[in-house]
Amino acid sequence: MTTPDPAPAPPWLAQRLAAQLLSGPPAEGTAQVAGHLLAVQAQDPRGARLAVRARSRARSATDVDDALTRDRSVVVTWLNRGTLHLVRSEDYWWLHRLTTPQLFTGNARRLAQEGVPPGDAERGAAVIERSLTAEGPLTRAELAERIAKAGVRTQGQAIVHLLVLASLRGIAVRGPMAGREHAYALVRDWLGEPPGSRTAPATFDRDRALAELAARYLAGHGPATERDLAKWAGLPLGDARRGLAAIDGQLADRDDGLADLARRPGPGSGDGRLPPPRLLGAYDPVLLGWASREPVVGPHGKLVAVNGLFRPFAMVAGRAVGTWAMPGGKVALTPFAPLPEADAAALAADAAEVERFLHGPGGPAAG
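Here's a quick rundown of the structure. A quick note: this is a predicted structure, and the numbers were derived from the prediction, not measured.

**Quick look at the overall build of the chain**
Part 1: Looking only at helices and strands, one finds 16 helices and 11 strands in the chain.
Part 2: Computed over the C-alpha atoms, the radius of gyration of the chain is 21 Å, within 12% of the 21 Å expected from 2.2 N^0.38 for a compact globule of 367 residues.
Part 3: Per-residue burial over the chain gives 51% buried out of 367 residues.
Part 4: Excluding contacts between residues fewer than 6 apart, the proportion of contacts in the chain whose partners are at least 24 apart in sequence is 66%.

Structure follows, in structure tokens:
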């Protein structure tokens, strides 16, 4: 019994995947991918590196680590929906102020659930700031040790939500790599002062930020809906509508109800073709950029994403065709159905590239 061919992909799927840099000319490297997509899901370190690999000319995971550590061109912090994202350092300032205020309530609730009352949370955040000020970048374990010495609970997920609090307050970001671990750095030391703060008090124009958000989102995710933008950014639907209304003059005339830029700056325009067969990592942005991931995962959604965990998967003709893992450092693909010989060969070649990327000059990549 053969598996029936899936329905043809809608034309906008090829456009979205081109906007995602999965077809057409690749970006140069990490900062260019982060700049084009605006924010790359990064709670899985290997997944974030593989997201860069699939969209750029980066040759190894070390290239991503260099952008974090040597160039300081990107950082990782809690943004948008309250999850870790890789962003350009220059985008950190406005995106943090736009998307984090609504996250404090949930953070306070999670701290209380972990047995950290408000007073202890304040002391924990103060310890993080003092420690990073005095000692420079520190790992999670090093910060947990210092917080525990101050009598603040760090067991379970308490340390994570204390670090979230410090990040939401603009105290800390994940900056450099410390060996295979990602260290936290003081924002003002690692990134300097916010743009314009030396010449005038730092102000925040929320309407301007919403317009920037809408334009940058569509550059990396369009065509899309206002609900897609709201879901991705973790903002109210009204904010998404305000942002899109502010850039109405930049939008294309479409008859399918989707919003997209009339002119795409730089990469991301593509040629209308679907991407070649490719292996994508855990939490790849192509699964998290819209209100629904059904166009990519189809009937296999529960095999790719379950209980909030997004597995590495293989994509052929814009659709998920299997999941993969790396037991013993070698890619092992589990297809959902037998693959055509040409597709299987293309995925095997890409698997070899994944292995080279992750185990390149710096050895096995963190995560």
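**So, the nonpolar core**
Part 1: Grouped together as the largest cluster of nonpolar side chains are 61 residues, with contacts concentrated most on Leu 86, Leu 132, Leu 279 and Val 354.
Part 2: Broken down by element, this core gets its largest block of residues, 9 residues, from helix H9 (residues 158-168).
Part 3: What Leu 86 contacts, discounting residues up to four positions off in sequence, is Thr 30, Ala 34, Leu 38, Ala 39, Val 40, Ala 42, Val 52, Leu 68, Val 74, Val 75 and Val 76.
Part 4: Among the nonpolar cores identified, the runner-up in size contains 55 residues, and Tyr 92, Leu 218, Trp 232 and Val 297 belong to it.

**Considerations on H9**
Residues spaced three or four apart along an α-helix point in a common direction, a consequence of the helix completing one turn every 3.6 residues.
Part 1: Most of H9 sits out of view: 11 of its 11 residues are buried.
Part 2: Of the residues one or two after H9, Gly 170 is the one with positive phi, at around 75 degrees.

**A short note on the environment of Leu 237**
Part 1: Mapped onto the fold, Leu 237 is located in helix H13 (residues 237-246).
Part 2: Sequence separation between Leu 237 and Arg 146 is 91 residues; the distance between their C-alpha atoms is 41 Å.
Part 3: Among all residues touching Leu 237, those that are not within four sequence positions of it are Glu 226, Arg 227 and Ala 230.

**Describing unusual backbone geometry**
Part 1: Cis geometry marks the peptide bond from Gly 222 to Pro 223, where omega comes out at 0 degrees.
Part 2: Along the chain, Pro 223 falls in the loop between helix H11 (206-221) and helix H12 (226-233).
Part 3: Unusually for a residue other than glycine, Arg 72 sits at a positive phi of about 55 degrees.
Part 4: As for its placement among the helices and strands, Arg 72 is situated in the loop between helix H4 (61-69) and strand E2 (74-79).
Part 5: You can call Arg 72 partly exposed: its relative accessible area is 35%.
Part 6: Backbone geometry places Asn 80, a non-glycine residue, at a positive phi of 50 degrees.
Part 7: Its place among the elements puts Asn 80 in the loop between E2 and strand E3 (83-88).
Part 8: For Asn 80, a relative accessible area of 0% gives the class buried.

So, how was this worked out
Residues numbered from 1 in each chain as written. Predicted model: local features only at pLDDT ≥ 70, side-chain atom pairs only at ≥ 80, totals over all residues. Heavy atoms only, no water. Helix = DSSP H or I, 4+ residues; strand = E, 2+ residues; numbered from the N terminus. Rg over C-alpha atoms; globule rule 2.2 N^0.38 Å. Buried < 20%, exposed > 50% of the residue type's maximum accessible area, 1.4 Å probe, protein only. Contact = heavy atoms within 4.5 Å. Core = buried A, V, L, I, M, F, W, Y, C linked by side-chain atoms within 4.5 Å.

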